[in-house]
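Chain by chain, the residues run as shown.
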Number of protein chains: 4
Amino acid sequence: MGIQRLAHVDVTVTDLDLAVAYYTEVIGLLETERDNNSVYLKCWDEPNHHSLRLIYGPRVGFDRMSFKVQREDDLAEFERKVSQYGFPVIRVSKGDRVGQGESIQFETPSGQLMELVHDIEMVGRATLPVNPTPFVHGLKGIAPPRLDHLLVTAEEVGDSAKFYQDVFGFRITEQLLDGQGHQAAVWLEVSHSPHDLAIVAGHNGGLHHFAWWLDDWDHVRRSADILAYNGIQIDVGPTRHGITRGNTIYFFDPLGTRNEVFTGGYRPDPDFPMITWTEDQIGRAVFYYEGELNQRFMSVHT
Amino acid sequence: MGIQRLAHVDVTVTDLDLAVAYYTEVIGLLETERDNNSVYLKCWDEPNHHSLRLIYGPRVGFDRMSFKVQREDDLAEFERKVSQYGFPVIRVSKGDRVGQGESIQFETPSGQLMELVHDIEMVGRATLPVNPTPFVHGLKGIAPPRLDHLLVTAEEVGDSAKFYQDVFGFRITEQLLDGQGHQAAVWLEVSHSPHDLAIVAGHNGGLHHFAWWLDDWDHVRRSADILAYNGIQIDVGPTRHGITRGNTIYFFDPLGTRNEVFTGGYRPDPDFPMITWTEDQIGRAVFYYEGELNQRFMSVHT
Amino acid sequence: MGIQRLAHVDVTVTDLDLAVAYYTEVIGLLETERDNNSVYLKCWDEPNHHSLRLIYGPRVGFDRMSFKVQREDDLAEFERKVSQYGFPVIRVSKGDRVGQGESIQFETPSGQLMELVHDIEMVGRATLPVNPTPFVHGLKGIAPPRLDHLLVTAEEVGDSAKFYQDVFGFRITEQLLDGQGHQAAVWLEVSHSPHDLAIVAGHNGGLHHFAWWLDDWDHVRRSADILAYNGIQIDVGPTRHGITRGNTIYFFDPLGTRNEVFTGGYRPDPDFPMITWTEDQIGRAVFYYEGELNQRFMSVHT
Amino acid sequence: MGIQRLAHVDVTVTDLDLAVAYYTEVIGLLETERDNNSVYLKCWDEPNHHSLRLIYGPRVGFDRMSFKVQREDDLAEFERKVSQYGFPVIRVSKGDRVGQGESIQFETPSGQLMELVHDIEMVGRATLPVNPTPFVHGLKGIAPPRLDHLLVTAEEVGDSAKFYQDVFGFRITEQLLDGQGHQAAVWLEVSHSPHDLAIVAGHNGGLHHFAWWLDDWDHVRRSADILAYNGIQIDVGPTRHGITRGNTIYFFDPLGTRNEVFTGGYRPDPDFPMITWTEDQIGRAVFYYEGELNQRFMSVHT
């Protein structure tokens, strides 16, 4: 039993048409459904209904993160655990949320809305289940194969990390300590990946970025080409993280939400020895090539 | 509870010095220990004691595959399940096997020796746990970051696959069907990877190859350069698999065991829709670029 | 004065529609013109009228290779030199050949038709001359940026090489010697490239292959993906040459002419020290990874 | 007759030991000779005596750029032409300069010392001339195969460009125009390369940077890894130029001279249609991904 992976990220946008144009034409996601106020998108290699929901709203922001659990029964178990931890849990019936069945939702200690769901509609990958080609012809834009992780902000990083560890079994792969030895940021995983979720010091409820996986350093270059071609503001990169050692580009969608494309890193086992970064190495930790953070990266999030 | 990943592969070699020279100088593994008849090796990015054991023996062959289980209690549970399935299980005490604690071992339906272990000695990755560099300077040879998977042969592929699914919870990501619709080969995973273990039709007890992970298509080229530089016989590649869609090179160690370097592929969730290949597409399925198998690839294994 | 580079290769095809479909959809060349029996094609990054002419004919074969000379006056000078060397030269008037002005043509010692031309129509690259993007959006197929070189066959390689050196100033970058110390193959350049023209032992008048440049090893992989996707027969590769040290794939167009995509290599100065390969190393020389030639590569050409 | 390529760049350094340590250990150049105040270095794939001379001096600066001419007679011809253009020429005898024979030297309109030489000592490439491997084992640092180009500063870019065009036959591949339509920067080539020499507006006599060639985008990443590992200050990159469309990293040697590693770009023929950039696109022109220049890049040079 447990959490399997990040299922989808839901964000609010002030211009749904502009957002959809960007996420389909520049990022190259596929639209799977739309309802009166939302558009549902997935990556070409994902079999599930959506990994990104764009919701029309009066301000740009983070709506929720949704994780997939291994078994339907996990919902009840996690409902109990989260409630015991002191956070009210709402159960959402099948039919209330597009593309998925029953789910539970609750606010995390750092104020983000978190959803757990087991039953997600399967719409299939863009390749056939019989004798598939290893790639899909004619995709637009960057066309990442899948959603990878997200980074949220928290006033109390350590308390937040403990919540994800104790209740859901997330494991810390890396941590950044401030001068007092407190966690200033943590990277957490459940899926043999360097991080499914990361938490960095900041205001409660915030989203720093969400990220898609790329297969290769060359796909990083093509992503930069496509971003520049489309006039998208690159925040940092192509560069490399010391943390996770992945290669990366950060950039902003036209409404101001930070996106990332990411590749590389290791595949940690549950007994992977945690890595610790000290504050004096924060530059190399975050941007290994530059050796320093830019102010925008530190201060801007939604 | 369950199996986490492939922990190590043990093979017999008729010339231990030659084998060690190859696996350390050409592949670039690190020697962690040796006893009277064996040498233990690991990849630079693996924290555990070893992922390859070379055992001196009168013939080149496959000794066993060892998988890591999540909890110590899993050993008793799997002992019970395997016994019920009809296969005698031997419990091996801590101290009897180098670099690991208590384990169980048994023969699989297709005659390979399989070992399960939870307690494996941690020797650490080659990078430091505090403020690590994203790579290690001065490694020799190909220097893959980790062991990835192995492919064994079985007279009855379907029965074998069922054993791994029913007893251990392996999931089939891809299957190749023969003209009668029977499984001629299956790819099984437990670690969000296209395959931790694969089974192909052949004699019982055989090892077709074991494989290391590479990070990138460029690392595939460097591997080919290094193999050719060292006069290693390349079997096939650089090329691409239709199955797993990974990029690959197959080659032989100096004693005749087939090795592979592998990168790419997808990250399947437990509900990943199984992919089926039909016999008429076997060429593209195995070697996407060539579109055909070579005779050596089909017939030679240890 | 002198030869600047390979301008275009002209081949005959028995099915013009099929050939054009392949060269535009799979290779991704751009059609610039067609007349009653020919189609003219160029790479996206080439400014000239065409680099490939497909001519309808009763058999698949090599029509000619055309080189660009630096100045109009070079035509008269080379006309004199070639005639003195003993080969009749025909002067072709402006208007007689599509996309180019006055030219001279003659048979080389090994029986290939060679053309020299200075005045070639400029149709422009696919990017704009003002504030261009670094790549072109929406190209089909492999889309190589430019034609790179060709390899012809000759009964007397040494005599042929001498002709290109003495008359046109080609320089030998590499040579392969047979067991008697005679040249079995030579690689010749005029444009700071490992080879603009190569000659290998074979029947007079033959074309072994012509090749396009790729920018990167990753472009080699994408080429292999695209070839396999389109069911094109790959002859060898992706692999690496010992000679030129470039990365490569050989494959056949649907009518049987061998094509190559090529990247890498060095940039030789005119005083580049010639490299010599001995016959016993011919496997590594031609296919560094495989270490051996396949029979088809040795015997099939048009 | 004419200029073939950039032969070597000579710079002054205030700490010769530190400079040599950096250029051999981090960049991976090979030391070929040293005399009482200088160290001579070459890239592994260059056959000539040196492509970089480090000269001890009281300040960090640019000593000269040296170009190789095709024939010994070219020296006299260029001596005449440069003198006629109004610049005094000094002839330097064989023996006066290490690693090369007779040369001429003179100041260019923008105040840089320029040298022309034909006779350069051949010391050979790092690979053998008979049956070479396609790479060299055990090189240190970045190990670029060759020097590629340099960028100098000039008060009057247009006048400078005209000098190189009229006297030496350099061709402009790209130009950047300021708001008044004057050349603010030009890129010039003689060797079928996007640029052997570039000129940008700045003080007379300055050196903005010199650059080495890399084979691949992956080599760009490895360069960034190595630079960061060694604590070298990266100025910009990994990124892409709009101009030349090459991929690049700029960084500083420990004494403050800017270096670049560069790959990609096109191979222009002499009739290559010149590309023009307008001032409003200067950001994309220079750094395609960022879309803007940093102040340091604009103002710092030696």
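Residues numbered from 1 in each chain as written. Chains lettered and ligands numbered in written order. Predicted model: local features only at pLDDT ≥ 70, side-chain atom pairs only at ≥ 80, totals over all residues. Heavy atoms only, no water.

1. Remarks on the pairing of strand 16 (residues 258-263) of chain D
All names here are of chain D. Counting buried positions over the six residues of strand 16 gives six, a clear majority of the element. Alignment of strand 13 (residues 207-213) against strand 16, held across four bridges, turns out to be parallel. In the strand pairing of strand 16, W212 is matched with V261. Sheet analysis places strand 15 (residues 247-252) next to strand 16, joined by six bridges and oriented antiparallel. Counterpart to N247 in the pairing with strand 16 is T263. (Buried < 20%, exposed > 50% of the residue type's maximum accessible area, 1.4 Å probe, protein only. Helix = DSSP H or I, 4+ residues; strand = E, 2+ residues; numbered from the N terminus. Pairing = 2+ DSSP bridges.)

2. Looking at the domain arrangement of chain A
Residue and element names in this part refer to chain A. Partitioning chain A into structural domains gives domain 1 (3-117) and domain 2 (146-298). A separation of 20 Å is found between the C-alpha centroids of domain 1 and domain 2. Of the roughly 3,000 Å² buried at the junction of domain 1 and domain 2 (both faces included), carbon and sulfur atoms supply 74%. Inspection of the domain 1/domain 2 interface yields eight residue pairs in polar contact (both at pLDDT 80 or more). (Domains from an automatic or database assignment. Buried area = accessible area lost by both parts, 1.4 Å probe. Polar contact = N/O pair within 3.5 Å; in protein donor to acceptor, adjacent residues only side chain to side chain.)

3. Thoughts on the interface of chain D and chain B
Across the contact, ten residues belong to chain D and ten residues belong to chain B. Carbon and sulfur atoms make up 65% of the surface buried where chain D meets chain B, a total of about 970 Å² over both sides. By the criterion of area lost to chain B, the three top residues of chain D are F135(D), H137(D) and Y229(D), representing 48% of everything that side buries. Counting across the interface, chain D meets chain B through two salt bridges. Here R221(B) ties to D216(D) by a salt bridge, and the two come within 3.2 Å at their closest N and O atoms. Put simply, chain D and chain B have two residue pairs in polar contact (both at pLDDT 80 or more) between them. (Contact = heavy atoms within 4.5 Å. Salt bridge = Lys/Arg side-chain N within 4 Å of Asp/Glu carboxyl O.)

4. Observations concerning the sheet that holds strand 5 (residues 61-69) of chain C
All names here are of chain C. With respect to topology, eight strands assemble into an open sheet ordered 2-3-4-1-5-8-7-6, the strand pairing being mixed. Here the strands that pair on one side only, and so sit at the sheet edges, are strand 2 (30-34) and strand 6 (89-92). Here the strands of the sheet are splayed against their neighbours by 25° on average, with no regard to which way each runs. Pairing of strand 7 (residues 103-107) with strand 8 (residues 113-117), which is carried by five bridges, proceeds in the antiparallel orientation. Across the sheet, Q105 pairs through a bridge with E115, a residue of strand 8. Contacting strand 1 (3-13), strand 5, strand 6, strand 7 and strand 8, helix 2 (residues 74-84) crosses the sheet at an angle of about 160° to strand 6. This element, helix 3 (residues 157-168), spans strand 1, strand 5, strand 7 and strand 8 of the sheet and lies at about 20° to strand 8. (Axes fitted to C-alpha atoms, helices over the stretch in contact; angles between N-to-C directions.)

5. Some thoughts on helix 2 (residues 74-84) of chain A
Residues and elements named next belong to chain A. Three or more residues of helix 2 are buried, namely D74, L75, F78 and V82. Along the long axis of helix 2, the arc covered by the buried residues comes to 95°, so they all point the same way. Taken together, the buried residues of helix 2 touch strand 1 (3-13), strand 5 (61-69), strand 6 (89-92), strand 7 (103-107), strand 8 (113-117) and helix 3 (157-168). One or two steps after helix 2, the chain reaches G86, where phi turns positive at roughly 105°. (Arc of directions from axis to C-beta.)

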